[in-house]
Amino acid sequence: KVYVKAGIERLLSMQTADGGFSYWPGGQEVHPYASAYATWVLLLAERAGHPVPKVELERALGDLEGRLTLPKTAARSY
């Protein structure tokens, strides 16, 4: 549990103000692939019973949902 908690905290340190994820803690540029992967990992952790902050998870899901309205790109497909 300690390692999962640390992993969740590390991922959330890379979340941008828009809800997506950058490659580095405190980064400002959202990377679509990193965002999809990080959100998936957070969902898996939550489903496994680990505490994941709801506000941050909702922001991450909102960012991905917003990307679905973008033109078809590799990032949207992922």
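Report follows, based on the coordinates. Bear in mind that the values here come from a model prediction, so they are computed numbers and not experimental data.

Once that is clear, we can look at the overall build of the protein. Counting secondary structure elements, the protein contains four helices and zero strands. Taking the contacts inside the protein whose residues are at least 6 apart along the sequence as the reference set, 47% of them involve residues at least 24 apart. When the accessible area of the protein is evaluated, it comes to approximately 5300 Å², of which 62% is carbon and sulfur surface.

Going through the model one piece at a time under the given rule, you end up with three salt bridges. A salt bridge links Lys54 to Glu46; the shortest N-O distance between them is 2.4 Å. The exposure class of Lys54 is exposed, given its relative accessible area of 54%. Ionic pairing is found between Asp63 and Arg67, a salt bridge with its closest N-O pair at 3.1 Å. Residue Asp63 and its partner Arg67 are both found in helix α3 (residues 54–67); the two are separated by four residues, about one turn of the helix.

Two elements in contact, helix α2 (residues 32–47) and α3, have axes separated by 10 Å at closest approach and are oriented at 140°. With respect to each other, α2 and α3 are oriented oblique. Between α2 and α3 the crossing geometry is left-handed. Facing α2, whose interface residues are Pro32, Ser35, Ala36, Thr39, Leu42, Leu43 and Glu46, α3 presents Lys54, Leu57, Ala60, Leu61, Asp63, Leu64 and Arg67. Tallied by class, the residues present in the contact of α2 with α3 amount to eight nonpolar, two polar and four charged.

Thresholds, definitions, all that
- Residues numbered from 1 in each chain as written.
- Predicted model: local features only at pLDDT ≥ 70, side-chain atom pairs only at ≥ 80, totals over all residues.
- Heavy atoms only, no water.
- Helix = DSSP H or I, 4+ residues; strand = E, 2+ residues; numbered from the N terminus.
- Contact = heavy atoms within 4.5 Å.
- Areas by Shrake-Rupley, 256 points an atom, 1.4 Å probe, with all protein chains shown as cover.
- Salt bridge = Lys/Arg side-chain N within 4 Å of Asp/Glu carboxyl O.
- Buried < 20%, exposed > 50% of the residue type's maximum accessible area, 1.4 Å probe, protein only.
- Axes fitted to C-alpha atoms, helices over the stretch in contact; angles between N-to-C directions.
- Parallel < 35°, antiparallel > 145°, perpendicular 65-115°, else oblique.
- Left-handed = near helix turned anticlockwise from the far one by under 90°.
- Nonpolar A, V, L, I, M, F, W, Y, C, P; charged D, E, K, R; others polar.

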